[in-house]
Amino acid sequence: MAIDTRGETADKPSGEKKTRTSPALFYRQVVNELRKVIWPTRKDLITYTTVVLIFVLIMVGIVYGLDTALGWAVLKVFGGA
């Protein structure tokens, strides 16, 4: 279930003109949302970073291999130097 957190403008019907949110209200809403975040632990962060780096290295290897193979094939087919 979604909760409308737009401050004073949340209660107004959609037909009425909405007022701008003040910077102070915006800041309070941002702080309130950041309190809801479940921040990763150091162990989780290291694990996620390691997984991403390994995945990126594997993808770089695949792209490099395909690029080399296709480049070689193009040179063989079209008779490059």
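Since the model is a prediction, treat every value here as computed from it, not as a measurement. (Residues numbered from 1 in each chain as written. Predicted model: local features only at pLDDT ≥ 70, side-chain atom pairs only at ≥ 80, totals over all residues. Heavy atoms only, no water.)

1. Some points on the overall build of the protein chain
Of the regular secondary structure elements, the protein chain holds 2 helices and 0 strands. Looking at the 81 residues of the protein chain, the share that counts as buried comes to 2%. (Helix = DSSP H or I, 4+ residues; strand = E, 2+ residues; numbered from the N terminus. Buried < 20%, exposed > 50% of the residue type's maximum accessible area, 1.4 Å probe, protein only.)

2. Comments concerning helix 2 (residues 42-78)
Helix length check: helix 2 (37 residues) gives 53 Å between terminal C-alpha atoms against 54 Å at 1.5 Å per residue, within 8%. At the C-terminal side of helix 2, Gly79 shows a positive phi close to 65 degrees. (Expected span 1.5 Å × (residues − 1).)

3. Quick notes on the pattern of salt bridges
The tally for this structure, following the rule as stated, stands at 1 salt bridge. In this structure, Glu33 and Lys36 form a salt bridge, with 3.2 Å as the shortest nitrogen-oxygen distance. Of this pair, Glu33 and Lys36 both sit in helix 1 (residues 23-36), 3 residues apart, which is roughly one turn of the helix. Taking relative accessible area as the criterion, Lys36 reaches 53% and is therefore assigned exposed. (Salt bridge = Lys/Arg side-chain N within 4 Å of Asp/Glu carboxyl O.)

4. With respect to a nonpolar patch on the surface
Together, Val52, Ile54, Phe55, Val56, Ile58, Met59, Val60, Ile62, Leu66 and Leu70 make up an exposed nonpolar region whose accessible area comes to about 930 Å². Following the sequence through the fold, Phe55 ends up in helix 2. Looking at Phe55, the relative accessible area reads 51%, which means it is exposed. (Patch = residues over 30% accessible without salt bridge, like charges linked within 9 Å, V, L, I, M, F, W, Y side chains within 5 Å. Areas by Shrake-Rupley, 256 points an atom, 1.4 Å probe, with all protein chains shown as cover.)

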